[in-house]
Amino acid sequence: MTLIFRKPLPNIEHPEMPADVVIVGGGPAGMACALRLSQLIDDHNARHPESPLSKENIYVLEKAREAGQHCLSGALLDPRSMKELLPGFESEAPLDAVVNKDAVYFLTRTGHYRLPITPPPLRDHGNYVISINRFVKWLAGKVEAAGITIFTGFAGSELLYEGDRVAGVRTDDKGVDKQNQQKSNFEPGYDIKAKVVVLAEGTRGSLTKQLIQKFDLMKDRNPQTYGVGVKELWEVPSGRIEAGEVIYTMGYPLTMKEYGGAWIYGSQNPGSKDTIVSLGFVTGLDYRDPRLDPQHVLQTFKQHPFITKLLDGGKMIRYGAKALPYGGWWSLPPLAGDGWMIVGDSAGFLNSARLKGIHLAIKSGMLAAETAFDALLKSDSSAATLSKFQRRVETSWIKDELWPVRNFHQVFKNGMVAGVFNTALQEIFRGGPRNRVPSHAGHENLQPLANLPADGGPEAHMLGPAKGDGKLTFDKLTDLYHSGTKHEEDQPAHLLIQDTNVCNDRCVKEFGSPCQNFCPANVYEMVDDETAPNGKRISLNPANCVHCKTCDIQDPYQIITWVPPEGGGGPNYDGM
Ligand SMILES: Cc1cc2nc3c(=O)[nH]c(=O)nc-3n(C[C@H](O)[C@H](O)[C@H](O)COP(=O)(O)OP(=O)(O)OC[C@H]3O[C@@H](n4cnc5c(N)ncnc54)[C@H](O)[C@@H]3O)c2cc1C
Ligand code: SF4
């Protein structure tokens, strides 16, 4: 497979910067890694004042202008790893509510049926409702107070190699125009030469993807599979849902052929009488119909009487979307090599049976920090030293949690009914009767239009763009407005399409240009062009992009590569 980068500018010198550890991505995994490393160094320096280690050359790179701004989650926090990282964190962290009530419903087109018991993976008593943006911002404060530098507004754009060793990260060039020419404010990216690089970029990380492709790291793993979560935050009149109440739904609007479901979490804004509802729908990126639109799925979901009643008289205040990795244990790549480690969602540490990854991201970041600390002490960041991270994960509670659900997502490949039956078997046999159930990449399920009913059949209510009534339901552009997304407009496109002839000649006819549907931010448009073979040509609005990574994952020909735009651009999530 060809590796794709933004075209490098010719004859540019990139200033070098030495580093001990560089962490790419300041989400829960990256921040926990930085904080744990700082704790270990403080402890070492207190015990060995004669041979202190410095934190001066440990950096976190975060592409958002402010820490937390590009993170999106449900979010319920399982506090297990936070209790290890910062005992007593509950007294000062921004926690919106403690979960005190949970329920799971199965929805038909108009009915709703409560499951008599909440399945064990979805029991959330004792977890916290949080805004991941505020939580990560708070963690960032802790990291900075500990003396570690976070470079916000800086994206890692390329890995630097010395032979087969990862030797650092190049940050994004700033001030480049659409034609790939320097503007008057041009600033070249830095070459940060690091002993250890920790990839903490979240789902489908762009540097992680480069590394995986370069060393063919997934060769004997199950391919990673994904879902995309489309989320709205609502203010609703009090009394509709309690702060700390959690509802999951299965079924409508999905049919038995698609995988996914919804979450509804209640919390309260301090000082406000309105209740805040976090409402979102995760659609598995392994559906068949290329016309299916995950943002439309959420809009249809809200029209179900059970949900309409909850939202009636309320106001949508925020919107966003993000992909999440579903593959589980068998889809984890090797976690470390010469000069590098992969943590959090970039590796795929997410328990899809629980829709939870924050606590695993934090724990994996902490274990990577312990390994990086060893490497600094020994002045050795070879694969032999860093591969201890793999062993640390395999002997930690991360494996205890992920092993019994190692086949969870795979067994839904034959539909919802078979999936639920097999999930019950997994509960009994700690992962199912088979040790490893294989899987395939979700985009391979997409069917050509010729194989599908022209009227959409049972899926018709989720296909194509949602229109929106402006009160309960919204079209994509109205939703997008509530994500606060902004990019410098005059910069090269950060969505790289290997060959647009495939879009204009083949995809439009075979699959009906699904990029227009799966992108939750209207970035892709097929515009009229009489010179194009099918009268349509692809056109991009990269400034709309909310960095969800769905296009990189779901395009049927795998010719789209998402690369970071100029640092600082992207959504402005707050309270999500
Ligand atoms: C819709 C949805 C609902 C979810 N609900 C829950 C829930 O309720 N509870 C739960 O526990 N988990 C939930 N999860 C999963 C959870 O959010 C993730 O597991 C967790 O956020 C992963 O943390 P991370 O640090 O690995 O990645 P992220 O949170 O994605 O953070 C990655 C960070 O890296 C930055 N970055 C990426 N690439 C670069 C680059 N090249 N250079 C610089 N910076 C970069 C990003 O801007 C971001 O700040 C949900 C996920 C989704 C998508
Ligand atoms: S362009 Fe890609 S990454 Fe950006 S919002 Fe659309 S699908 Fe998501």
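Rules of the game
- Residues numbered from 1 in each chain as written.
- Chains lettered and ligands numbered in written order.
- Predicted model: local features only at pLDDT ≥ 70, side-chain atom pairs only at ≥ 80, totals over all residues.
- Heavy atoms only, no water.
- Core = buried A, V, L, I, M, F, W, Y, C linked by side-chain atoms within 4.5 Å.
- Buried < 20%, exposed > 50% of the residue type's maximum accessible area, 1.4 Å probe, protein only.
- Helix = DSSP H or I, 4+ residues; strand = E, 2+ residues; numbered from the N terminus.
- Near = heavy atom within 4 Å.
- Polar contact = N/O pair within 3.5 Å; in protein donor to acceptor, adjacent residues only side chain to side chain.
- Areas by Shrake-Rupley, 256 points an atom, 1.4 Å probe, with all protein chains shown as cover.
- Nonpolar A, V, L, I, M, F, W, Y, C, P; charged D, E, K, R; others polar.
- Pairing = 2+ DSSP bridges.
- Contact = heavy atoms within 4.5 Å.
- Right-handed = clockwise from strand over helix to strand, strands pointing away.
- Axes fitted to C-alpha atoms, helices over the stretch in contact; angles between N-to-C directions.
- Parallel < 35°, antiparallel > 145°, perpendicular 65-115°, else oblique.
- Left-handed = near helix turned anticlockwise from the far one by under 90°.
- Phe/Tyr/Trp six-rings, centres within 6.5 Å; stacked < 30°, edge-to-face > 60°.
- Lys NZ or Arg CZ within 6 Å of the ring centre and 35° of its normal.
- Salt bridge = Lys/Arg side-chain N within 4 Å of Asp/Glu carboxyl O.

Visitor: Would you mind going over the nonpolar core with me for this structure?
Guide: One recurring pattern in soluble globular proteins is that nonpolar side chains are buried together. Judged by nonpolar contacts, the single largest core of 85 residues is most densely connected at Val21, Met82, Phe135, Val197, Met341, Phe349 and Phe389. If you tally residues by element for this core, the top one is helix α8 (residues 358-378), at 12 residues. Core analysis: the second largest hydrophobic core is formed by 67 residues, Tyr287, Phe306, Ile307 and Leu463 among them.

Visitor: I tried to follow the site of ligand 1 on my own but got confused; where do I start?
Guide: Near ligand 1, the surroundings consist of 38 residues, among which Glu62, Ser73, Leu76, Lys322 and Asp345 are the closest. Here a nitrogen atom of ligand 1 sits 2.7 Å away from a polar atom, N or O, in the main chain of Leu76. Residue Glu201 places a side-chain N or O atom 3.0 Å away from a nitrogen atom belonging to ligand 1. For ligand 1, the accessible surface in isolation is 1000 Å², of which the surrounding protein chains cover 99%. Residue assignment for the shell around ligand 1 shows that the elements contributing at least two residues are α1 (28-47), β2 (58-62), β16 (260-268), β18 (315-325), α7 (344-347) and α8. Looking at which element gives the most residues to the shell around ligand 1, the answer is β18, with 3 residues. Of the residues assigned to the shell around ligand 1, the class counts are 20 nonpolar, 12 polar and 6 charged.

Visitor: I would appreciate a short explanation of the sheet that holds strand β7 (residues 128-129) in the present structure.
Guide: Adjacent strands of a sheet form backbone hydrogen bonds with each other and so pair up, either parallel or antiparallel. Within the open sheet, the 3 strands sit side by side as β3-β7-β4. Their pairing is antiparallel. The two strands at the open ends of the sheet, each matched to only one other strand, are β3 (76-77) and β4 (97-98). The pairing of β3 with β7 spans 2 bridges and is classified as antiparallel. Pairing of Leu76 across the sheet is with Val129, part of β7.

Visitor: Help me understand the side chain of Thr225, please; the structure alone is not making it clear to me.
Guide: Mapped onto the secondary structure, Thr225 falls in the loop between α4 (206-214) and β14 (226-236). Thr225 sits in the buried class, given a relative accessible area of 7%. Within the structure, Thr225 has its side chain in polar contact with the backbone nitrogen of Gly327 (distance 3.4 Å). Excluding residues that lie within four positions of it along the chain, Thr225 makes contacts with Leu324, Pro325, Tyr326, Gly327, His409, His440 and Gly442.

Visitor: Please explain the pairing of strand β1 (residues 16-24) as it appears in this structure.
Guide: Side-chain positions along a regular strand alternate between the two faces of the sheet. In terms of residue burial, β1 counts as a mostly covered element, since 7 of its 9 residues are buried. Both β1 and strand β13 (residues 191-199) contribute to a ladder of 8 bridges, which runs parallel. For Met17, the partnering residue across the bridge sits in β13 and is Ile192. After leaving β1, the chain enters α1 and then returns to the sheet as β2, a path that is right-handed.

Visitor: I'm lost on the site of ligand 2 in this one. Help?
Guide: As a matter of local geometry, ligand 2 sits amid 13 residues, with Cys519, Cys545, Cys548, Lys549 and Cys551 nearest to it. Here the residues of the shell around ligand 2 sort into 11 nonpolar, 1 polar and 1 charged.

Visitor: What is the right way to look at helix α14 (residues 500-510) in this model?
Guide: It helps to recall that an α-helix has 3.6 residues per turn; residues three or four apart then point in one direction. Among the residues of α14, those classed as buried are Val502, Cys503, Asn504, Cys507 and Val508. Packed against the buried residues of α14 are β21 (495-497), β22 (524-528) and β23 (536-540). With a side-chain oxygen positioned 3.0 Å from the backbone nitrogen of Asn501, the residue opening α14 is Asp499. Phi for Gly512, located one or two positions after α14, is positive at around 70°.

Visitor: Just checking my understanding: could you explain the packing of α1 against α8 for this structure?
Guide: The interhelical angle for the contact between α1 and α8, taken along N-to-C directions, is 40°, at an axis separation of 7 Å. Taken together, the axes of α1 and α8 are oblique relative to one another. For the pair α1 and α8, the crossing hand works out as right-handed. Residue-level inspection shows Pro28, Ala29, Ala32, Cys33, Arg36, Leu37, Leu40, Ile41 and His44 of α1 in contact with α8, the latter providing Ile358, Ala361, Ile362, Gly365, Met366, Ala368, Ala369, Glu370, Ala372, Phe373 and Leu377. Of the residues that constitute the contact of α1 with α8, the class distribution is 16 nonpolar, 2 polar and 2 charged.

Visitor: What should I look at first to understand the packing of aromatic side chains in this one?
Guide: Two aromatic rings are characterised by how far apart their centres lie and by the angle between their planes. Across all of its chains, the model carries 14 aromatic pairs by this definition. On the basis of an interplanar angle of 35° and a centroid distance of 6.2 Å, the ring pair of Trp263 and Tyr265 is categorised as tilted. Of the two residues, Trp263 and Tyr265, both sit in the buried class. Aromatic ring contacts, followed pair by pair, group Tyr59, Phe151 and Phe154 into a single cluster. Taking NZ or CZ as reference, Arg406 lies 4.1 Å from the ring centre of Trp403, over its face.

Visitor: Teacher, can you tell me more about the pattern of salt bridges here?
Guide: Taken as a whole and assessed by the stated rule, the structure comprises 30 salt bridges. Across the pair Asp78 and Arg354 runs a salt bridge, and its minimum N-O distance is 3.0 Å. Within this pair, whereas Asp78 is found in the loop between β3 and α2 (80-85), its partner Arg354 is found in the loop between α7 and α8, the two being separated by 276 residues in sequence. A relative accessible area of 13% means that Asp78 is categorised as buried. Residue Lys476 is joined to Asp293 by a salt bridge in which the shortest nitrogen-to-oxygen separation is 3.0 Å. Placement of Lys476 in helix α13 (residues 476-481) and of Asp293 in the loop between β17 (275-284) and α5 (294-302) is noted, with a sequence separation of 183 residues between them. Classification of Lys476 by relative accessible area gives buried; the value is 7%. Through salt bridges with shared partners, a single ionic network connects Arg36, Glu370, Asp374 and Arg392.

Visitor: For this particular structure, what's the right way to read the sheet that holds β16?
Guide: Strand order in the open sheet made by the 7 strands is β6-β5-β15-β16-β17-β14-β18, with mixed pairing throughout. The two strands at the open ends of the sheet, each matched to only one other strand, are β6 (112-114) and β18. Going from strand to strand, the sheet's axes swing by 20° on average, the running direction of each strand aside.

Visitor: How should I be thinking about the environment of Ala194 in this particular structure?
Guide: Along the chain, Ala194 falls in strand β13. Ala194 gets classed as buried once you look at its relative accessible area, which sits at 6%. Once the C-alpha coordinates of Ala194 and Pro18 are considered, the two residues, 176 residues apart in sequence, prove to be 6.1 Å apart. Those residues within four positions of Ala194 in sequence are excluded, and the remaining contacts are Ala19, Asp20, Val22, Arg165, Val166, Ala167 and Gly168.

Visitor: When you look at unusual backbone geometry in this model, what are you seeing that I'm missing?
Guide: With the exception of glycine, the majority of residues adopt a negative phi angle, and the majority of peptide bonds are in the trans configuration. For the bond running from Gly74 to Ala75, omega is 0°, close enough to zero to count as cis. Residue position: Ala75 is located in the loop between β2 and β3. Residue Pro253 is bonded to the preceding Tyr252 through a cis peptide linkage, with omega at 5°. Among the structural elements, Pro253 can be located in the loop between β15 (245-251) and β16. Unusually for a residue other than glycine, Asn180 sits at a positive phi of about 65°. Within the fold, Asn180 resides in the loop between β11 (174-176) and β12 (182-187). The residue Leu355 is not glycine, and still its phi comes out positive at about 50°.

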